[in-house]
Structure formats: C-alpha cells, structure tokens
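# Understanding the architecture of this molecule
So you can see what is in the structure, the chains are spelled out below.
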Amino acid sequence: MWREEVPKILIFITDGRPQDRRIVPAAAKSLRDKEVRIFAIGVGEATEAELQEIASTPHKDHIIFIQGGKIYFFQNLAWNFRKKLNIGDILVEIFPINY
C-alpha cells in the first residue's frame, strides 16, 4: 500500500501500437478512481483518442505529444513535467518496457 499523503503520479508513454488495447484503458480507469494522476505521452503513431482513454482530466493538462529526435524527446519531457507539475528541478529516468 502507498502513503496517502504522497501524490500518486503515473507517466504512461506509448508509440500508438498497443499490444494490450483491451487491458490498458480499464487499468487506467481503475488507477484514476484511486486518485492516481495519469500523464499520457504519445510518440510516433499515438493518437489523441488513445491518450484520452488513459490520461487524467482535463486532457489538455495530462496529454503530451512528443515529436523529433531522441535528444529533443528527453529535453521536452523534462520541461513539460516541470511545467505541468509546477515544480522546479526534476530527475527524469526512463525505463523502457520491451514486450
């Protein structure tokens, strides 16, 4: 179990080619119902509709599209989270999941 006083944030990154399309929206809803704040990040072929099924609302604050090369991706990712979470410095670690 987690500590109640600590904000819960999930960062979901997708390239728009889900292998688990039936599972992810239901799991995201379950987490949102538990007051987990979900940011959905789309790269590549991700669509707005797909990200809206996952992200918290309002969508304009929780959906981010990343375009450009890998260096730009990491710079833009850190900048967007500092802006949207209204925090100063942030340590960003990326852990890719391969199926």
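Residues numbered from 1 in each chain as written. Predicted model: local features only at pLDDT ≥ 70, side-chain atom pairs only at ≥ 80, totals over all residues. Heavy atoms only, no water.

## Comments concerning the overall build of the protein chain
Heads up, the condition is: For helices the rule is a DSSP run of H or I covering at least 4 residues; for strands it is a run of E covering at least 2, with both sets numbered from the N terminus onward. Note on classification: 1.4 Å probe, protein chains only; a residue is buried when its accessible area is under 20% of the maximum for its type, exposed when over 50%, partly exposed between these limits. Should any heavy atoms of two residues lie within 4.5 Å, those residues are considered in contact. Computed with a 1.4 Å probe, the accessible areas rest on the Shrake-Rupley method; for each residue, only the protein chains presented here act as cover.
Within the protein chain, the regular secondary structure consists of four helices and three strands. Buried residues in the protein chain amount to 29% of all 99 residues. The long-range share in the protein chain, meaning contacts at least 24 apart out of those at least 6 apart in sequence, stands at 50%. Split by element, the accessible area of the protein chain, about 7300 Å² in all, is 55% carbon and sulfur.

## Description of the environment of A40
Within the secondary structure layout, A40 lies in strand β2 (residues 37–43). Distance from A40 to Q52, taken between C-alpha atoms, is 7.9 Å for residues twelve residues apart in sequence. Beyond its immediate sequence surroundings of up to four residues, A40 is in contact with F12, L51, I54, A55, H62, I63 and I64.

## Looking at the side chain of S56
One can find S56 in the loop between α2 (48–54) and α3 (59–62). Ignoring sequence-local partners within four residues, the contact set of S56 consists of R32, V36, R37, I38 and H62.

Function-wise, these values are silent; they only describe arrangement.
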